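Here's the letter readout for the chains.
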Amino acid sequence: MNKFLSLASTLLLTAGLSSAAKSYTASVVLENNQFTTDTIMPEIYGQFAEHLGTCIYGGLWVGPDSPIANTDGYRNDVLNALRELKVPVMRWPGGCFADEYHWMDGVGPKENRPRMVNNNWGGTVEDNSFGTHEFFNLCELLGCEPYLSGNVGSGTVEELAKWVEYITAEDGPMATLRKQNGREKPWHLKYLGVGNESWGCGGDMLPDYYADLFRRYGVYCRNYDGNHLFKIASGASDYDYNWTETLMKKAARQMNGISLHYYTCYSWSKSKGSATDFDADRYYWTLGKCLEIEDVVKRHATIMDVYDPSKRVALMVDEWGTWFDEEPGTIKGHLYQQNTMRDAMVAALSLNVFHKFTDRVRMTNIAQVANVLQSMVLTKGDQMVLTPTYYVFKMYVPHQGARVIPAHIDCATVKAESERSSRPRTVPMASATASEKDGIVTISLTNVDLDRECDMQVALGSLDLKKIVKAEILTAADIHDYNDFGQPEKVTIKNFNGATIKGSNLNVKMPAHSIVTLQLTK
Ligand code: AHR
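Criteria and cut-off values
Residues numbered from 1 in each chain as written. Predicted model: local features only at pLDDT ≥ 70, side-chain atom pairs only at ≥ 80, totals over all residues. Heavy atoms only, no water. Helix = DSSP H or I, 4+ residues; strand = E, 2+ residues; numbered from the N terminus. Expected span 1.5 Å × (residues − 1). Buried < 20%, exposed > 50% of the residue type's maximum accessible area, 1.4 Å probe, protein only. Pairing = 2+ DSSP bridges. Axes fitted to C-alpha atoms, helices over the stretch in contact; angles between N-to-C directions. Contact = heavy atoms within 4.5 Å. Salt bridge = Lys/Arg side-chain N within 4 Å of Asp/Glu carboxyl O. Core = buried A, V, L, I, M, F, W, Y, C linked by side-chain atoms within 4.5 Å. Disulfide = S-S within 2.5 Å. Parallel < 35°, antiparallel > 145°, perpendicular 65-115°, else oblique. Nonpolar A, V, L, I, M, F, W, Y, C, P; charged D, E, K, R; others polar.

Student: Sorry, what's going on with helix α8 (residues 280-291) here?
Tutor: Turn by turn, an α-helix covers 3.6 residues, leaving residues three or four places apart pointing in a common direction. Here α8 is 12 residues long and its end C-alpha atoms lie 17 Å apart, about the 16 Å a rise of 1.5 Å per residue gives. Of all the 12 residues making up α8, 10 are buried; the element is thus mostly covered by neighbouring parts of the structure. Among the residues of α8, Ala 280, Asp 281, Tyr 283, Tyr 284, Trp 285, Thr 286, Leu 287, Gly 288, Lys 289 and Cys 290 are the ones counted as buried.

Student: What is the right way to look at the sheet that holds strand β9 (residues 191-194) in this model?
Tutor: Whenever strands of a sheet pair, they do so through backbone hydrogen bonds, lying parallel or antiparallel. Strands sit in the order β2-β5-β8-β9-β10-β11-β12-β13 around a closed barrel of eight strands; the barrel is parallel. Each neighbouring strand pair of the sheet contributes to a mean axis angle of 30°, computed without reference to strand direction. For strand β2 (residues 46-48) and strand β13 (residues 361-367), the ladder comprises three bridges, and the chain directions are parallel. Each bridged residue has a counterpart across the sheet, and for Gln 47 the counterpart in β13 is Ile 366. Against the sheet, helix α9 (residues 293-307) touches β10 (230-237), β11 (257-265), β12 (314-323) and β13, its axis set at about 160° to β11.

Student: Would you mind going over the pattern of salt bridges with me for this structure?
Tutor: Pairs can form between side chains of opposite charge once their charged atoms are near each other. Going through the model one piece at a time under the given rule, you end up with 22 salt bridges. Residue Glu 140 pairs with Arg 183 through a salt bridge whose shortest N-O separation is 3.0 Å. Of this pair, Glu 140 sits in helix α3 (residues 132-142) while Arg 183 is found in the loop between α5 (173-180) and β9, placing the two residues 43 residues apart along the sequence. For Glu 140, a relative accessible area of 46% translates into the label partly exposed. Two residues, Glu 472 and Lys 470, come together in a salt bridge whose shortest N-O distance is 3.8 Å. A residue is classified by how much of its surface remains accessible, and Lys 470, at 42% relative accessible area, is partly exposed.

Student: Can you help me understand the nonpolar core in this one?
Tutor: Among soluble globular proteins, nonpolar side chains are generally buried collectively. Counting residues in hydrophobic clusters, the biggest one holds 156 residues, and the most contacted among them are Met 456, Leu 474, Val 508, Ile 515 and Leu 518. Here this core takes 10 residues from helix α10 (residues 341-354), the largest share from any one element. Other than its neighbours up to four places away in sequence, Val 508 contacts Leu 445, Cys 454, Asp 455, Met 456, Phe 496, Gly 498, Ala 499, Val 516 and Leu 518. One finds Val 89, Tyr 191, Ala 314 and Met 316 within the second-largest nonpolar core, a separate group that totals eight residues.

Student: When you look at the state of the cysteines in this model, what are you seeing that I'm missing?
Tutor: Covalent bonding between the sulfur atoms of two cysteines is what defines a disulfide. Throughout the structure, instances matching the rule amount to one disulfide. For the unlinked cysteine Cys 290, the closest cysteine sulfur is that of Cys 265, found at 13 Å. Take Cys 411: it sits in no disulfide, and the sulfur closest to it among the cysteines is that of Cys 454, at 7.5 Å.

Student: How do you make sense of the packing of helix α2 (residues 76-84) against α3 when you look at a structure like this?
Tutor: Two packed helices can be described by the angle between their axes and the distance between those axes. The geometry of α2 relative to α3 is characterised by a closest axis approach of 10 Å and an angle of 55° between their N-to-C directions. Relative to α3, the element α2 lies oblique. Between α2 and α3, the contacting residues are Leu 79, Leu 82 and Arg 83 on the first element and Leu 138, Leu 141 and Leu 142 on the second. Residue classes in the contact of α2 with α3 are distributed as five nonpolar, no polar and one charged.

Student: How do you make sense of the sheet that holds strand β16 (residues 403-404) when you look at a structure like this?
Tutor: The strand order across the open sheet built from six strands is β16-β20-β21-β27-β23-β24, with neighbouring strands paired in antiparallel fashion. Only two strands of the sheet have a single partner each, and these edge strands are β16 and β24 (493-495). Pairing analysis gives eight bridges linking strand β20 (residues 430-437) to strand β21 (residues 440-447), with the strands arranged antiparallel. In the strand pairing of β21, Ala 434 is matched with Ile 443. On the sheet, α10 packs against β20, β21, β23 (467-475) and β27 (514-521) and is oriented at approximately 45° with respect to β27.

Written as structure tokens, this is what we have:
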């Protein structure tokens, strides 16, 4: 029996269906607790821009003299696309790059800025033409919060303290320098990351040592002239619960947030697999790995509860997304990967999980915004394509800042085997999330099944919804479909007419591998 057949038979067993079945049923119950005040923080929809490959240079920034249409050096097409997403926050300059970055090299006249080797990412030479001013001005153009990742690994306390002063002080030596460099008023800076992956590329530290360093850096990164820093400790990756435990034990009082990195990655030691060429087994395994983030977040949050029962400290998943092999023919170390309908599924399922943890998860940053890993946009010269992941973020915009309505789902599951892991992953075939803002209820539904339509029955309970005011679907003829230069609109949002309300029930006929967002009112 080949792999696909074994998967198919497991699927049929768990779903209890005959092989002829073309559809299955899933039921969702929306719990309309009027007293729920939990808000989906807009920052859950955060982005991440690192000096890596063509994320910054070519992706966001082409410089004011470029023939590519731009505003003060920022590509117009990308600016417009990101504005549609209402990007709430942007993390910069890394990632691993952050702990080798010396901010003074990126301010002042461009011709005087020194060059450096980007050791983490392919040894590319960085000319520092995109620096502090270019990043903060970008955030102002997009109307988003900047999230600065400070250099702890190879920097000094003085360097980071002065960076904060340069950005936020009204007066003083650093403010004078900023003014000389063309910016009179300070910028606003809320989110300050103290190092990145300090257990790895950010200094290879042990948790006790880093906890002390975090406290020390925290003392000297000051609040100037009404600016209030939200200090974020460099957190664990995946299943490193000891890191979270140590940091919370030693430094919870000094921090406002602690980060967590979780990638949907097949293997760190061997091939991560192709972004576009995968079989059914790998598809479901990928979704299972993505969904495991729920258990990982829960376990980190449980540790945090011990040291911070009032949930003052936020868990920021400031790197997440798919990580596949680089596209053949692209530069090694630049992490350029395509983005198929499978990536859209990972985005929707991950966001649905984040919505469940509004009490603790108050920011996430998908990696990364352009041309790197699970991007929103891909660029080549003057061309840009919007990825299927971009469209999920667009469909989910109404959830930003909305009150969460807990959604309980009952559906079939599929077991996906993997040659890597002895533990098969169990993947529910459907997923749902819901929220309410300004009298509009937004329901997002996902049918991950590769072959079968899902007859989704949503019990609206006492929500008393009568009208569907907007209905959109993202799907593709084939799960491997993606948008590329020359075929930029292969996977795109379409209007959806498969939903009907009868009394307090919403019926949604979802095609195979599709994502639907509905907006309903009384
Ligand atoms: O997003 C790519 C890299 O993944 C980041 O630089 C690093 O923090 C993580 O390991």
